[in-house]
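Each chain is listed here by its residues.
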Amino acid sequence: MADKATEGSSDNALIAAALRRIRKSRRMRSSEVARAMDMPLRSYEHFEAGQGKVTYERLVRFAEATNCDPVALLAVMAMGSPEFAERCADNKLMQIFMIALSELNEDLGEDIVYLESGAIIGGITRLCRDLAEHVRKRDTFAENWLEAHAPRLNRPSTVHLPQLKPRTSR
């Protein structure tokens, strides 16, 4: 029984850390989030501190108030990483992933049981590698483009700019 209590408080601490990180990255005060969640400030402060019951409804309300990914907040517990929720706040990675899984469930219905673990692992691993490669190429593309085009700004100019005269005190 003590293990479950410890596990619950550990999960609450992870969620609390994620909530704080997101609120601060959004440059929001506790009072702003509390108001947006329609909660008394003191209740919100307890919620953000990881005290009391953390519910999916409250996480969704927090996500709406801060425009972040509610599913990533839940994933924090499984991953043990409050940083993950903050990293997914803008791109809504986990929310998109869950929507895609929901569509797969609708598409396959009962036949979803025929998906083999190996195929799932292979597909998701390829997806993750492709996404990582996309990010690396995007960053490399921007750096290469800037490097190739920056010299255009450094070529000699034929335009003569007027000399600026120093200001004199009155």
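Remember, it's a predicted structure, so these values are computed and weren't measured experimentally. (Residues numbered from 1 in each chain as written. Predicted model: local features only at pLDDT ≥ 70, side-chain atom pairs only at ≥ 80, totals over all residues. Heavy atoms only, no water.)

Attention shifts here to the nonpolar core. Ranked by size, the top nonpolar core spans 27 residues in total, and within it M37, Y44, F47, F62 and L73 carry the most contacts. Looking at this core, the elements with two or more residues in it are α1 (2-25), α2 (30-36), α3 (41-48), α4 (56-66), α5 (70-79) and α6 (82-87). Setting aside its immediate chain neighbours within four residues, M37 contacts Y44, F47, R58, R61, F62 and A65. (Core = buried A, V, L, I, M, F, W, Y, C linked by side-chain atoms within 4.5 Å. Buried < 20%, exposed > 50% of the residue type's maximum accessible area, 1.4 Å probe, protein only. Helix = DSSP H or I, 4+ residues; strand = E, 2+ residues; numbered from the N terminus. Contact = heavy atoms within 4.5 Å.)

Let's shift gears to helix α7 (residues 93-108). With 16 residues, α7 should cover 22 Å at 1.5 Å per step; its first-to-last C-alpha distance of 22 Å lies within 8% of that length. G109 sits one or two positions beyond α7 and adopts a positive phi of about 55 degrees. (Expected span 1.5 Å × (residues − 1).)

To describe two helices that pack against each other, one gives the angle between their axes and the distance between the axes. Contact geometry for α5 and α7: axes closest at 6 Å, N-to-C directions at 95 degrees. As summarised for this structure, α5 and α7 are arranged roughly perpendicular, according to the angle between their axes. Across from P70, V71, A72 and A75 in α5, the residues of α7 making contact are M94, Q95 and M98. Partitioning the contact of α5 with α7 into residue classes produces six nonpolar, one polar and no charged. (Axes fitted to C-alpha atoms, helices over the stretch in contact; angles between N-to-C directions. Parallel < 35°, antiparallel > 145°, perpendicular 65-115°, else oblique. Nonpolar A, V, L, I, M, F, W, Y, C, P; charged D, E, K, R; others polar.)

A word on a nonpolar patch on the surface. Taken together, L93, L127 and L131 make up a surface patch of nonpolar side chains, about 230 Å² in accessible area. Mapped onto the elements of the fold, L93 is located in helix α7. Note on L93: relative accessible area 36%, which makes it partly exposed. (Patch = residues over 30% accessible without salt bridge, like charges linked within 9 Å, V, L, I, M, F, W, Y side chains within 5 Å. Areas by Shrake-Rupley, 256 points an atom, 1.4 Å probe, with all protein chains shown as cover. Salt bridge = Lys/Arg side-chain N within 4 Å of Asp/Glu carboxyl O.)

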